[in-house]
Amino acid sequence: MEGINITPKLNVSPETAKWARNIILVAIIWFFVTGQLRKWLQSKQYGQAGSDPNTAFAIQVRQACNPTGISIAIDIDGTWDNDLMLIADQISNVNKVNEAYTNLYRENMFERLEKELNSTKFQEWLRRAQSAPVVQGVPGANVSKTLAATKDTVILSDNDSTKVVRTVKAGETIGTRLKAYSITGRSGGKNLYYLVSWNSFLFLHNQGLVLAADTKEI
């Protein structure tokens with residue numbers, strides 16, 4: 001038997017190979033398109049929130065969920081679990097967010113999250129949402145104004161406040177102030193943050209959170 005190759009050969013027809021390549025290509029396109037669609041919908045729907053943070057959180061919860069709501073699609077395409085947990089950390093009244101979610105999407109937010117998350121993660125989400133910092137809109141501070149940095153500062157992602165999306169030097173223009181939020185942390189300390197927007201390379205629209213104390217109107 002020495003020198004004899006007994007490995008079975010797998011005969012794949014050209015049609016089968018072409019079919020497999022097409023399936024892979026469709027899957028890649030699907031993941032890309034759904035990711036871009038989520039970003040576009042989030043940007044579009046955020047404008048519906050006005051000055052109500054509960055509506056803003058409801059929209060963010062929806063955008064972190066699978067866009068179809070179909071069980072098999074949730075299993076395949078997945079849910080943005082980390083984004084949902086970060087949103088939970090900012091919610092001050094989870095029942096108010098559920099009310100806003102139900103008004104927007106005609107379904108119960110808790111029931112949707114039970115479909116999107118496994119039992120352990122769903123319980124963790126509830127725990128974090130019920131013990132999160134207090135986030136309040138600041139009356140009179142939601143007028144659009146151009147801001148500049150008074151000192152070197154950073155802009156945080158409005159979806160993940162642990163991520164720095166941009167650094168700004170003292171004196172540089174930051175962008176346009178859209179909203180203002182007074183955020184009370186678990187320790188009880190309050191900080192005022194501005195939601196700002198700016199255009200970057202190829203006029204792409206961006207937005208994030210900046211500490212109000214590091215800014216001035218220009």
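Values in this document were obtained by computation on a predicted structure and should not be read as measured data.

Novice: Account for the overall build of the chain, naming residues and giving values.
Specialist: Within the chain, the secondary structure is distributed over seven helices and eight strands. Of all 218 residues assigned to the chain, the portion counted as buried reaches 39%. Within the chain, contacts between residues separated by at least 24 positions form 57% of all contacts whose residues are at least 6 apart in sequence. Entry remark: accessible area of the chain is about 13,200 Å², with carbon and sulfur atoms responsible for 56%.

Novice: Pulling in residues and values, what's your account of a nonpolar patch on the surface?
Specialist: A surface patch of nonpolar side chains, amounting to about 400 Å² of accessible area, comprises Leu25, Ile29, Phe32 and Val33. When you line up the elements, isoleucine 29 lands in helix H1 (residues 14-46).

Novice: Please set out helix H5 (residues 94-105) residue by residue, giving values where relevant.
Specialist: If you check H5, its first and last C-alpha atoms are 16 Å apart, about what 12 residues at 1.5 Å a residue would give, namely 16 Å. All of the buried residues along H5 are Val94, Val97, Asn98, Ala100, Tyr101 and Tyr105. Looking down the long axis of H5, one finds its buried residues gathered within 165 degrees of arc, a one-sided arrangement. Its side-chain oxygen at 3.2 Å from the backbone nitrogen of asparagine 95, asparagine 93 defines the N-terminal cap of H5. Arginine 106 sits one or two positions beyond H5 and adopts a positive phi of about 55 degrees.

Novice: Residue-level account of the packing of H5 against helix H6 (residues 109-116), with values.
Specialist: Relative placement of two packed helices is described by the angle separating their axes and the distance separating the axes. With their axes 9 Å apart at the nearest point, H5 and H6 run at an angle of 90 degrees to one another. Considering the angle they form, H5 stands roughly perpendicular to H6. For the pair H5 and H6, contact is made by Val94, Asn95, Val97, Asn98, Tyr101 and Thr102 and by Met109, Phe110 and Arg112, respectively. For the contact of H5 with H6, a count of residues per class yields five nonpolar, three polar and one charged.

Novice: Go over the nonpolar core with me, naming the residues and quoting the values.
Specialist: One finds Val61, Met109, Leu113 and Trp125 to be the most contacted residues of the largest nonpolar core, which totals 24 residues. Among the secondary structure elements, those contributing two or more residues to this core are helix H2 (53-64), helix H4 (81-88), H5, H6 and helix H7 (119-130). Val168, Trp198, Val210 and Ala212 belong to the second-largest nonpolar core, a separate cluster that totals 11 residues.

Novice: So what about H7? Which residues, and what values?
Specialist: Here H7 contains 12 residues, and its C-alpha end-to-end distance of 17 Å stays within 8% of the 16 Å for a straight helix at 1.5 Å per residue. Among the residues making up H7, those that are buried are Phe122, Trp125, Leu126, Arg128 and Ala129. A distance of 3.2 Å separates the backbone nitrogen of threonine 120 from a side-chain oxygen at the start of H7, and that oxygen is part of asparagine 118.

Novice: Outline the pattern of salt bridges, listing residues and values.
Specialist: Counting across every chain of the model gives eight salt bridges. Residues lysine 151 and aspartate 214 are paired through a salt bridge, measuring 3.6 Å at the closest nitrogen-oxygen approach. With lysine 151 in the loop between strand E2 (145-149) and strand E3 (153-157) and aspartate 214 in the loop between strand E7 (205-211) and strand E8 (215-217), this residue pair connects regions lying 63 residues apart in the sequence. Judged by its relative accessible area of 8%, aspartate 214 is buried. When salt bridges with common partners are traced through the structure, they connect Arg62, Glu107, Arg112 and Glu116 into a single cluster.

Novice: Describe in detail the pairing of E3, supporting the description with residues and values.
Specialist: Taking burial as the measure, the five residues of E3 include four buried ones, the bulk of the element. Here E3 pairs with strand E4 (residues 164-168) via four bridges, running antiparallel. By the bridge assignment for E4, isoleucine 155 is matched with arginine 166. When E3 meets E7, the two strands line up antiparallel, connected through two bridges.

Reading the values: the criteria
Residues numbered from 1 in each chain as written. Predicted model: local features only at pLDDT ≥ 70, side-chain atom pairs only at ≥ 80, totals over all residues. Heavy atoms only, no water. Helix = DSSP H or I, 4+ residues; strand = E, 2+ residues; numbered from the N terminus. Buried < 20%, exposed > 50% of the residue type's maximum accessible area, 1.4 Å probe, protein only. Contact = heavy atoms within 4.5 Å. Areas by Shrake-Rupley, 256 points an atom, 1.4 Å probe, with all protein chains shown as cover. Patch = residues over 30% accessible without salt bridge, like charges linked within 9 Å, V, L, I, M, F, W, Y side chains within 5 Å. Salt bridge = Lys/Arg side-chain N within 4 Å of Asp/Glu carboxyl O. Expected span 1.5 Å × (residues − 1). Arc of directions from axis to C-beta. Polar contact = N/O pair within 3.5 Å; in protein donor to acceptor, adjacent residues only side chain to side chain. Axes fitted to C-alpha atoms, helices over the stretch in contact; angles between N-to-C directions. Parallel < 35°, antiparallel > 145°, perpendicular 65-115°, else oblique. Nonpolar A, V, L, I, M, F, W, Y, C, P; charged D, E, K, R; others polar. Core = buried A, V, L, I, M, F, W, Y, C linked by side-chain atoms within 4.5 Å. Pairing = 2+ DSSP bridges.

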